[in-house]
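Letter by letter, the chains look like this.
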Amino acid sequence: MAPQPVIPAEEKARLVLDLLAKRTTLSQAAQHIGVSPQAVANWRRQFVTAGQDGLRPVARRTEDSRRERQLLSEIALLKAALGEAHLALRSHRIRDLDRRATAPRAHLRTPDL
């Protein structure tokens, strides 16, 4: 049996939407794009289950989820760094206020007579 041609997800989505809108039949859609009716039925099921992302190749979905995990990890690191910087700034401000509060104020002293 010959391998099925690689059809872009956008093309599959258009085809499935035509099927769902009853603008074409399963066999007409399959013949038009050059695949089996079972393949088109699978795309319809995948689309209904997962939307257009369900029509992307599994390797692409895995790659996308890997990238998503990487980005979420970077976001967590950035949040932690931002939190540490915020705490350091607050600590610095508190120390600065404490120093100001305990420092002698020369301008408030009365001159010795």
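Residues numbered from 1 in each chain as written. Predicted model: local features only at pLDDT ≥ 70, side-chain atom pairs only at ≥ 80, totals over all residues. Heavy atoms only, no water.

Caption draft 1: Local environment of helix α2 (residues 26-33). Buried within α2 we find A29, A30 and I33. Taken end-on, α2 shows its buried residues confined to a sector of 95°, consistent with a single buried face. Exposed residues pointing more than 90 degrees away from the buried face of α2 are listed as Q31 and H32. At its buried positions, α2 is contacted by α1 (9-20) and α3 (37-50). Of the residues trailing α2, G34 is marked for its positive phi of about 85°. (Buried < 20%, exposed > 50% of the residue type's maximum accessible area, 1.4 Å probe, protein only. Helix = DSSP H or I, 4+ residues; strand = E, 2+ residues; numbered from the N terminus. Arc of directions from axis to C-beta. Contact = heavy atoms within 4.5 Å.)

Caption draft 2: Focus on the side chain of K12. Positionally, K12 belongs in helix α1. With no salt bridge to any partner, buried K12 finds its closest opposite charge in E10, at an N-O distance of 9.4 Å. In this structure K12 touches I7, W43 and L55, once residues within four positions along its chain are discounted. (Lys, Arg positive; Asp, Glu negative; His and termini not counted. Salt bridge = Lys/Arg side-chain N within 4 Å of Asp/Glu carboxyl O.)

Caption draft 3: Inspection of a nonpolar patch on the surface at higher detail. Taken together, the side chains of L17, L20 and V48 define a hydrophobic patch exposed on the protein surface, amounting to about 270 Å² of accessible area. With respect to the helices and strands, L17 occurs in helix α1. Classification of L17 by relative accessible area gives partly exposed; the value is 41%. (Patch = residues over 30% accessible without salt bridge, like charges linked within 9 Å, V, L, I, M, F, W, Y side chains within 5 Å. Areas by Shrake-Rupley, 256 points an atom, 1.4 Å probe, with all protein chains shown as cover.)

Caption draft 4: Molecular detail of the side chain of T24. Here T24 lies in the loop between α1 and α2. A relative accessible area of 18% means that T24 is categorised as buried. Among the polar contacts listed, one links the side chain of T24 to the side chain of Q28, at a separation of 3.3 Å. Not counting residues within four places of it along the chain, the set of residues in contact with T24 comprises D18, L19 and A29. (Polar contact = N/O pair within 3.5 Å; in protein donor to acceptor, adjacent residues only side chain to side chain.)

Caption draft 5: Structural detail: α1. When the terminal C-alpha atoms of α1 are compared, their 16 Å separation across 12 residues agrees well with the 16 Å that a helix rising 1.5 Å per residue should span. Residues A9, K12, A13, L15, V16 and L19 constitute the buried set of α1. What you see down the axis of α1 is that its buried residues fit within an arc of 165°, all on one side. The inward-facing, buried residues of α1 abut α2 and α3. Looking one or two residues past α1, K22 carries a phi angle of roughly 60°, positive in sign. (Expected span 1.5 Å × (residues − 1).)

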